[in-house]
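The primary structure of each chain is shown beneath.
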Amino acid sequence: MTIAPMQRTATTAWTDARLILALEEVVETELNRHLKVAKEWMPHEFVPWSQGRDFDGVLGGEAWSLEQSKVTPLGRISLVVNLLTEDNLPSYHHEIATMFGREGAWGAWVHRWTAEEGRHGIAIRDYLLATRAVDPVELERARMAHMSEGFESDNAHSMLQSVAYVAFQELATRIAHRNTGHHSGDPLCDQLLAKIANDENLHMVFYRNLLKAALELAPDQAMRAIADVVINFRMPGHGMPGFERSAAQIAIGGIYNLRIHHDDVLQPVLRHLKVMEVSGLGPVGQHAQDELGAFLAGLDAQATRFDERQAALLARRAAAAAARA
Ligand SMILES: [Fe+2]
Ligand SMILES: [Fe+2]
């Protein structure tokens, strides 16, 4: 990586504009690497079209009802959360295009990423409608409500925070899709979500490698950004109708909860970047690293308490089910 025109000193304050310029070469390298490893796949191949039939309304077909699909209740809740999250792509595109620009390597990445993400919403919606896994009217109303709110990034004020956020968020999305597939009750749905999860993983690798370069270029500011993002992390779908209720069920069901967030999302990225081992930081970076360490220890303890409550709840549910049988 060439950072020749820039002075790397502990006191250099990097503006967003300078960071974007200095990281353009890394973006180009990562984009080319991404294009080499990303394999084309066809969403239509994962949709069992033969299960599809007309709905009531204009075509006078069969109305939707719950028992028409084999997807589990938990799988249904999570699939809707994942789809509505994907549906808000126009707002995400707006946020990253505004931050990173639409020219050069950055622009090429922004557009390619948007195209790949677009496939996810298309594939999940086609699957859900063909298999009648969700109420299509409720789904459409939820999509309208969610997209009408738009999405505003918590990190729009900072380029480094934006990069740090997407590195964690892409992995969070990967894990959410993968675990939803495992809990869906339909092997085909599992296969489709594994494919989508693979895309999300490649997105994570792109942003993680970019964050690594930023950490080398501007260690103090990048450390501060990482700490702020980890401490204040929220899933991108947090604004959708009924999110809190769905998230609670998704947590208890073991698709995405504090333990998974700590162990499978935060730690892998932090360990890969050796964030807690970065040395030679200035006071700002050092303070951020200390804060991050304390936060992670607290989160781990909180996750352990969650695990215990979850185990107790599941045991009570199993005992109640056994008593009914
Ligand atoms: Fe996606
Ligand atoms: Fe993604």
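All values reported here derive from a predicted model rather than from experimental measurement.

Analysis parameters
- Residues numbered from 1 in each chain as written.
- Chains lettered and ligands numbered in written order.
- Predicted model: local features only at pLDDT ≥ 70, side-chain atom pairs only at ≥ 80, totals over all residues.
- Heavy atoms only, no water.
- Helix = DSSP H or I, 4+ residues; strand = E, 2+ residues; numbered from the N terminus.
- Rg over C-alpha atoms; globule rule 2.2 N^0.38 Å.
- Buried < 20%, exposed > 50% of the residue type's maximum accessible area, 1.4 Å probe, protein only.
- Donors = N, O, S within 2.8 Å, 3.2 Å for Na, K, Ca; no water.
- Tetrahedral: all angles 85-135°; square planar, octahedral: opposite > 155°, others 65-115°.
- Contact = heavy atoms within 4.5 Å.
- Axes fitted to C-alpha atoms, helices over the stretch in contact; angles between N-to-C directions.
- Parallel < 35°, antiparallel > 145°, perpendicular 65-115°, else oblique.
- Left-handed = near helix turned anticlockwise from the far one by under 90°.
- Nonpolar A, V, L, I, M, F, W, Y, C, P; charged D, E, K, R; others polar.
- Core = buried A, V, L, I, M, F, W, Y, C linked by side-chain atoms within 4.5 Å.
- Expected span 1.5 Å × (residues − 1).
- Arc of directions from axis to C-beta.
- Salt bridge = Lys/Arg side-chain N within 4 Å of Asp/Glu carboxyl O.
- Polar contact = N/O pair within 3.5 Å; in protein donor to acceptor, adjacent residues only side chain to side chain.

Undergrad: I'd like to hear about the overall build of the chain, residue by residue, with values.
TA: Regarding its fold elements, the chain presents 12 helices and 0 strands. Ordered by position from N to C terminus, the α and β elements of the chain give α-α-α-α-α-α-α-α-α-α-α-α. Whereas a compact globule of 325 residues would reach a radius of gyration of roughly 20 Å, the chain reaches 21 Å, a difference of no more than 12%. When its C-alpha atoms are laid out on the principal axes, the chain stretches across 70 × 45 × 35 Å. For the chain, buried positions account for 51% of its 325 residues.

Undergrad: Any chance you could break down the coordination of the iron ion (ligand 1) for me, citing the residues and the numbers?
TA: Within the protein, Glu-86 (OE), Glu-86 (OE), Glu-117 (OE), His-120 (ND1) and Glu-200 (OE) serve as the donor atoms for the iron ion (ligand 1), at 2.0 to 2.5 Å. One chain supplies every donor to the iron ion (ligand 1), and in sequence these donors are spaced E-x30-E-x2-H-x79-E. A spacing of 4.0 Å is found between the iron ion (ligand 1) and the iron ion (ligand 2), which share Glu-117 as a donor. Taken together, the positions of Glu-86 in helix H3 (residues 73-87) and Glu-117 in helix H5 (residues 104-130) put the pair 31 residues apart, joining distant regions of the chain. The burial state of Glu-86 is the same as that of Glu-117; both residues are buried.

Undergrad: Give a detailed account of the coordination of the iron ion (ligand 2), specifying residues and quantitative values.
TA: At 1.8 to 2.2 Å from the iron ion (ligand 2) lie its protein donor atoms, namely Glu-117 (OE), Glu-170 (OE), Glu-200 (OE) and His-203 (ND1). Around the iron ion (ligand 2) sit 4 donor atoms, and with donor-metal-donor angles ranging over 94 to 138 degrees the site reads as irregular. Judged by relative accessible area, His-203 falls into the buried class, the value being 0%.

Undergrad: If you had to explain the environment of Glu-95 to someone new, which residues and values would you point to?
TA: Within the secondary structure layout, Glu-95 lies in helix H4 (residues 89-100). Residue class for Glu-95 comes out buried when judged on its relative accessible area of 17%. Not counting chain neighbours up to four residues away, the residues in contact with Glu-95 comprise Phe-151, Glu-152, Ser-153 and Ala-156.

Undergrad: Give me the lowdown on the packing of helix H7 (residues 159-183) against helix H8 (residues 187-217), citing residues and values where you can.
TA: Remark: H7 packs on H8, axes separated minimally by 8 Å, with the N-to-C direction vectors making an angle of 160 degrees. Comparing their axes, H8 and H7 come out roughly antiparallel. Between H7 and H8 the crossing geometry is left-handed. Here the residues of the contact of H7 with H8 are counted per class, giving 14 nonpolar, 7 polar and 6 charged.

Undergrad: Give me the nonpolar core: which residues, what numbers.
TA: Formed by 90 residues in total, the largest nonpolar core has its most connected members in Met-159, Tyr-207, Ile-226 and Tyr-256. Of all the elements, H8 adds the most residues to this core, at 14 residues. When sequence neighbours within four positions are dropped, the list of residues in contact with Met-159 reads Asp-16, Leu-19, Ile-20, Leu-23, Met-99, Phe-100 and Trp-106.

Undergrad: Could you give me a rundown of the side chain of Asn-155, with the residues and numbers involved?
TA: As for its placement among the helices and strands, Asn-155 is situated in the loop between helix H6 (136-149) and H7. Excluding residues that lie within four positions of it along the chain, Asn-155 makes contacts with Met-99, Gln-161, Ser-162, Tyr-165 and Val-229.

Undergrad: Give a description of H6 that names residues and reports values.
TA: In this model, H6 (14 residues) spans 20 Å end to end at C-alpha, consistent with the 20 Å of a helix rising 1.5 Å per residue. Turning to H6, its buried residues are Leu-139, Ala-142, Arg-143 and His-146. All buried residues of H6 lie within an arc of 105 degrees about the axis, which places them on one face of the element. Pointing more than 90 degrees away from the buried face of H6 are the exposed residues Arg-141 and Ser-148.

Undergrad: Summarise the pattern of salt bridges; cite the residues concerned and give the values.
TA: Considering all chains together, one arrives at 13 salt bridges under this definition. Arg-125 is the partner of Asp-87 in a salt bridge, and the nearest nitrogen-oxygen pair spans 2.7 Å. Taken together, the residues Asp-87 in helix H3 and Arg-125 in helix H5 connect sequence positions 38 residues apart. With a shortest N-O distance of 2.8 Å, Arg-224 and Asp-228 are connected by a salt bridge. Of this pair, Arg-224 and Asp-228 both sit in helix H9 (residues 219-231), 4 residues apart, roughly one helical turn. The class of Asp-228 is partly exposed, set by a relative accessible area of 21%. Through salt bridges with shared partners, one network takes in Arg-259, Asp-263, Asp-300 and Asp-307.

Undergrad: Give me the lowdown on the side chain of Ser-162, citing residues and values where you can.
TA: Within the secondary structure layout, Ser-162 lies in helix H7. At 2.8 Å, the side chain of Ser-162 forms a polar contact with the backbone oxygen of Ser-158.

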